[in-house]
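Given next are the chains, with one letter for each unit.
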Amino acid sequence: AQRVTQPEKLLSVFKGAPVELKCNYSYSGSPELFWYVQYSRQRLQLLLRHISRESIKGFTADLNKGETSFHLKKPFAQEEDSAMYYCALRPGPAQKLVFGQGTRLTINP
Amino acid sequence: EAGVAQSPRYKIIEKRQSVAFWCNPISGHATLYWYQQILGQGPKLLIQFQNNGVVDDSQLPKDRFSAERLKGVDSTLKIQPAKLEDSAVYLCASSLDIGRDRQQFFGPGTRLTVL
């Protein structure tokens, strides 16, 4: 069965410091990996996906198949990055998303 | 474009009562999803529709939960009778049915409290 683990429920860093939100997954095939974000009083929305290899709002994430990880990183945190972040896995294009438990990121001024 | 719409936004009921949630997906999106998000957890898929057919309902507690999407557009999710553990946010999402993208767009959710 697919499983996504986000080991940190809460993460607090100072503005300007680097940020890394951890995500590990278990799946025997080659899944699609995503990061979703939910800002206060807003809808859950896609932040980035591994197949795009893009940087969104300064965030990047690299899929490490050997370590089965998909950590989210940003070199310099901003206050507006405070939000709930969910890592998600999808075994195939037409299949369901499996979400981790989420990490609440707080950026302190 | 208009996003996914859900109603009501909040609902408080007593255990053993019934409740229904409504979702209107983004126009043209063939696939519709219902997720349950219990406090402190990530969303969990309850049921996935493609047009008006069920693709995956493996995690839907069918003894009390039901969902339909009769005309392949709007959908309703019903709980009858509700239990305390059904307290959660119920999210609806929709996606296009094209290629590998299939990005899911989420609605605002319905927060259900069962007393």
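The rules behind each value
- Residues numbered from 1 in each chain as written.
- Chains lettered and ligands numbered in written order.
- Predicted model: local features only at pLDDT ≥ 70, side-chain atom pairs only at ≥ 80, totals over all residues.
- Heavy atoms only, no water.
- Pairing = 2+ DSSP bridges.
- Helix = DSSP H or I, 4+ residues; strand = E, 2+ residues; numbered from the N terminus.
- Core = buried A, V, L, I, M, F, W, Y, C linked by side-chain atoms within 4.5 Å.
- Buried < 20%, exposed > 50% of the residue type's maximum accessible area, 1.4 Å probe, protein only.
- Contact = heavy atoms within 4.5 Å.
- Buried area = accessible area lost by both parts, 1.4 Å probe.
- Salt bridge = Lys/Arg side-chain N within 4 Å of Asp/Glu carboxyl O.
- Polar contact = N/O pair within 3.5 Å; in protein donor to acceptor, adjacent residues only side chain to side chain.
- Disulfide = S-S within 2.5 Å.

Visitor: Provide a residue-level description of the sheet that holds strand 8 (residues 72–74) of chain A, including the pertinent values.
Guide: All names here are of chain A. Pairing is antiparallel across the open sheet formed by three strands, whose spatial order is 3-8-7. A single partner strand is all that each edge strand has here, and the edge strands are strand 3 (19–21) and strand 7 (60–61). Summarising the sheet, strand 7 and strand 8 pair through two bridges and their orientation is antiparallel. In the strand pairing of strand 8, Thr60 is matched with Lys73.

Visitor: Go over the nonpolar core with me, naming the residues and quoting the values.
Guide: If you look at the biggest cluster of nonpolar residues, it comprises 25 residues, and the most contacted ones within it are Trp35, Leu72 and Tyr85 of chain A. Every element with two or more residues in this core is listed here: strand 2 (10–14), strand 3, strand 5 (32–38), strand 6 (45–49), strand 9 (83–90) and strand 11 (103–108) of chain A. Ranked by residue count, the leading element in this core is strand 9 of chain A, at four residues. Formed by 21 residues, the second largest nonpolar core is a distinct cluster that contains Ile13, Phe21, Leu32 and Cys92 of chain B.

Visitor: Give a detailed account of the interface of chain B and chain A, specifying residues and quantitative values.
Guide: For interface size, the figure often reported is the accessible area lost on association. The interface is formed by 23 residues belonging to chain B together with 17 residues belonging to chain A. Summed over both sides, the interface between chain B and chain A buries roughly 1,700 Å², with carbon and sulfur atoms accounting for 46% of that surface. Taken together, the connections running from chain B to chain A amount to zero salt bridges. The tally of links from chain B across to chain A stands at four residue pairs in polar contact (both at pLDDT 80 or more). Contributions of two or more residues to the side of chain B that touches chain A are made by strand 4 (31–37) and strand 5 (44–50) of chain B.

Visitor: An account of the environment of Arg9 of chain B is requested, with residue identities and associated values reported.
Guide: All names here are of chain B. As for its placement among the helices and strands, Arg9 is situated in the loop between strand 1 (5–7) and strand 2 (10–13). Remark: the alpha-carbon pair of Arg9 and Val89, spanning 80 residues in sequence, is separated by 9.3 Å. Beyond its immediate stretch of four places on either side in the chain, Arg9 contacts Pro108, Gly109, Thr110 and Arg111. Within the structure, the side chain of Arg9 is placed 3.3 Å from the backbone oxygen of Gly109, a separation counted as a polar contact.

Visitor: Which residues make up the state of the cysteines, and what values do they have?
Guide: Scanning all chains against the criterion turns up two disulfides over all chains. For Cys23 of chain A, the disulfide goes to Cys87 of chain A, at an S-S distance of 2.0 Å. Between Cys23 of chain A and Cys87 of chain A, the S-S dihedral sits near -65°, and the bridge is therefore left-handed. Highlighted residues: Cys23 of chain A in the loop between strand 3 and strand 4 (24–26) and Cys87 of chain A in strand 9, separated in sequence by 64 residues. Overall, Cys23 of chain A belongs to the buried group, its relative accessible area being 0%. Each sulfur of the disulfide joining Cys23 of chain B and Cys92 of chain B lies 1.9 Å from the other. As the torsion about the S-S bond is roughly -70°, the Cys23 of chain B-Cys92 of chain B disulfide counts as left-handed. Placement of the pair is Cys23 of chain B in strand 3 (residues 19–24) and Cys92 of chain B in strand 9 (residues 88–95), with a sequence separation of 69 residues. By relative accessible area, Cys23 of chain B is classed as buried at 0%.

Visitor: Any chance you could break down unusual backbone geometry for me, citing the residues and the numbers?
Guide: With the exception of glycine, most residues fall at negative phi, and the peptide bonds are largely trans. Residue and element names in this part refer to chain B. In this model, Ser7 is joined to Pro8 through a cis peptide bond whose omega is -10°. Secondary-structure assignment places Pro8 in the loop between strand 1 and strand 2. A cis amide bond links Gln80 with the next residue in sequence, Pro81, at an omega value of -5°. Relative to the helices and strands, Pro81 resides in the loop between strand 8 (75–79) and strand 9. Within the chain, Asn51 stands out as a residue other than glycine whose phi angle is a positive 55°. Relative to the helices and strands, Asn51 resides in the loop between strand 5 and strand 6 (53–56). Its relative accessible area of 39% is what places Asn51 among the partly exposed residues.

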